[in-house]
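Reading the structure
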Amino acid sequence: MSKLYFFDIDGTLIDCTRGIFEIPDDVITILNQLKKQGDDVFLATGRCKCFIVDGVMKYPFNGYVTCNGTYVEYRDKPIYKKIISKEALKTTHEICIQRNMGYYFESNDKIYVLNKYTPKHIEFKKQWGMKEEVIVDDFDINNIETYIGMIVINNYEDEAPMREALSPYFNIQRHRDAFSFDLTIKGESKAKGIRELVKGLNKDMIDTIAFGDGRNDIEMLEEVELGIAMGNSMSEAKAVAKYVTSDIDDDGIMKALQYFSLIQR
């Protein structure tokens, strides 16, 4: 029976914080072998498509669960999408203006920001490999379609008012950086996006396997038949995974697949 594999990006396939912006050649060999076996390989990421770095995007995945599950496609055809409400956009915009914070609202081909010339944004863009050509800071907040947001606060004092204002609209998940967060539409997750994809393909969740490392991978690792956490994972991800493999730079993906006899040695 063919399997459906879902791979997180950051901390799983690449690690921008360690200067790893491309999928390592040995992992590409593994992905190719899975496809040769008749399996499908997907990305399951918090990033939108235009935020996926070229070193990942150049690989021919079968499909994408992006924006923490709110935009899903298979072989370039959309299967599921969930749009951030105008009220949620406006509330985020207003609190960021009030407290001098930054936000990123993501569509498939654009990322909307308050001001792309601030030092904080320039640093954030460089750290995460955000492409300059997709960044837009001249737009009408009431006239954009986006599927996920991120917010960057200044200090710990910003967190409580930010959460109070935005929790009615979003699941707010802290990144490894203490001051940046995913804003995922309430009730959405990578797990839900995967379920929508599996349903659209007339497959079964029993055939699903996922690799992840972050807080936004928790639901996915719980939901799939075999959830595997990388050795460099957040403790919360390790706690729900069915198996914890080694680090991203210690052949973690290959070792897990060999452990479960899902790929030949």
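Up top you'll find the structure we're talking about.
A few points on the structure. (Residues numbered from 1 in each chain as written. Predicted model: local features only at pLDDT ≥ 70, side-chain atom pairs only at ≥ 80, totals over all residues. Heavy atoms only, no water.)

Let's talk about the overall build of the chain
For clarity, the cut-off: Only DSSP runs of H or I with at least four residues qualify as helices, and only runs of E with at least two residues qualify as strands; both kinds are numbered from the N terminus onward. Radius of gyration means the value over C-alpha atoms here, while the globule rule gives 2.2 Å times the residue count to the 0.38 power. We call a residue buried when its accessible area falls under 20% of the maximum for its residue type, exposed when it is over 50%, and partly exposed in between, using a 1.4 Å probe and counting protein chains only. Contacts are residue-level and defined by heavy atoms, with any inter-residue pair within 4.5 Å sufficient. Note on areas: Shrake-Rupley with a 1.4 Å probe; residue coverage comes only from the protein chains shown. Note on charges: Lys and Arg go in the positive column, Asp and Glu in the negative column, and His and the chain ends are not counted at all. One atom stands in for each charge, and that atom is NZ of Lys, CZ of Arg, CG of Asp or CD of Glu.
Each helix and strand in the chain was counted, giving nine helices and 14 strands. Taking 265 residues into account, the globule formula puts the C-alpha radius of gyration at 18 Å, and the chain, at 18 Å, falls close to it. If you line up the chain on its principal axes, its C-alpha atoms span 55 × 35 × 35 Å. Across the 265 residues of the chain, 56% fall into the buried class. A separation threshold of at least 6 residues defines the contact pool for the chain, and within that pool the share at least 24 residues apart is 58%. A total of about 11700 Å² of accessible surface is found on the chain, and carbon and sulfur atoms cover 48% of it. Side chains of the chain give 34 positive and 43 negative charges; the mean places of these two sets differ by 3 Å.

Topic: the sheet that holds strand E1 (residues 4-7)
Quick note on the threshold: One requirement defines pairing of two strands: DSSP has to find at least two bridges between them.
The strand order E5-E4-E3-E2-E1-E12-E13-E14 describes an open sheet built from eight strands, whose pairing is mixed. Edge strands, defined here as strands with exactly one partner in the open sheet, are strand E5 (77-81) and strand E14 (243-244). Direction of pairing for strand E2 (residues 40-44) relative to strand E3 (residues 63-66): parallel, over a ladder of three bridges. Directly across from Leu 43, in E3, lies its bridge partner Tyr 64.

Brief notes about unusual backbone geometry
The phi angle at Asn 68 is positive, at roughly 55°, despite the residue not being glycine. With respect to the element layout, Asn 68 can be found in the loop between E3 and strand E4 (71-74). Residue Asn 68 is classed as buried on the basis of its relative accessible area of 1%. The phi dihedral of Asn 202 falls on the positive side, at around 55°, and the residue is not glycine. Position of Asn 202 among the secondary structure elements: in the loop between helix H6 (190-200) and strand E12 (208-212). Judged by relative accessible area, which is 71%, Asn 202 ranks as exposed.

Remarks on the pairing of E1
The following threshold applies: A crossover counts as right-handed when, viewed with the strands pointing away from the observer, the path leading from the first strand over the helix to the second turns clockwise.
Burial along E1 is two-sided: the face carrying Leu 4 and Phe 6 and the face carrying Tyr 5 and Phe 7 are both buried. Here E1 pairs with E2 via four bridges, running parallel. From the neighbouring strand, Leu 4 faces E2, where its bridge partner is Asp 40. Handedness of the crossover is the feature at issue here: the chain leaves E1, passes through helix H1 (residues 25-36), returns alongside E2, and the resulting connection is right-handed. Judged from the four bridges that link them, E1 and E12 form a sheet pairing that is parallel. Residue pairing across strands places Phe 7 opposite Phe 211, the latter belonging to E12.

Some thoughts on the state of the cysteines
The test is simple: Note on terminology: disulfide denotes any pair of cysteine sulfur atoms within 2.5 Å.
What the rule picks out here adds up to zero disulfides. Lacking any disulfide linkage, Cys 48 is separated from the closest cysteine sulfur, that of Cys 50, by 3.5 Å. Considering cysteine sulfurs only, Cys 48 is the nearest to Cys 96, which forms no disulfide, with 17 Å between them. Accessibility expressed as a relative area gives 1% for Cys 96, which makes it buried.

As for the packing of H1 against helix H9 (residues 252-259)
Our working rule: Lines fitted to the C-alpha atoms define the axes, with helices restricted to the stretch that makes contact. Angles between their N-to-C directions range from 0 to 180 degrees. Crossings are assigned a handedness: left-handed for a near helix turned anticlockwise from the far helix by less than a right angle, right-handed for a clockwise turn. Amino acids outside the nonpolar list (Ala, Val, Leu, Ile, Met, Phe, Trp, Tyr, Cys, Pro) and the charged list (Asp, Glu, Lys, Arg) are all regarded as polar, and Gly is one of them.
For the pair H1 and H9, the least separation of the axes is 9 Å and the interaxial angle reads 35°. With respect to the hand of their crossing, H1 and H9 are arranged in left-handed fashion. Of H9, the residues touching H1 (which contributes Val 27, Ile 30 and Leu 34) are Ile 253, Met 254 and Leu 257. Classifying every residue of the contact of H1 with H9 by side-chain character gives six nonpolar, no polar and no charged.

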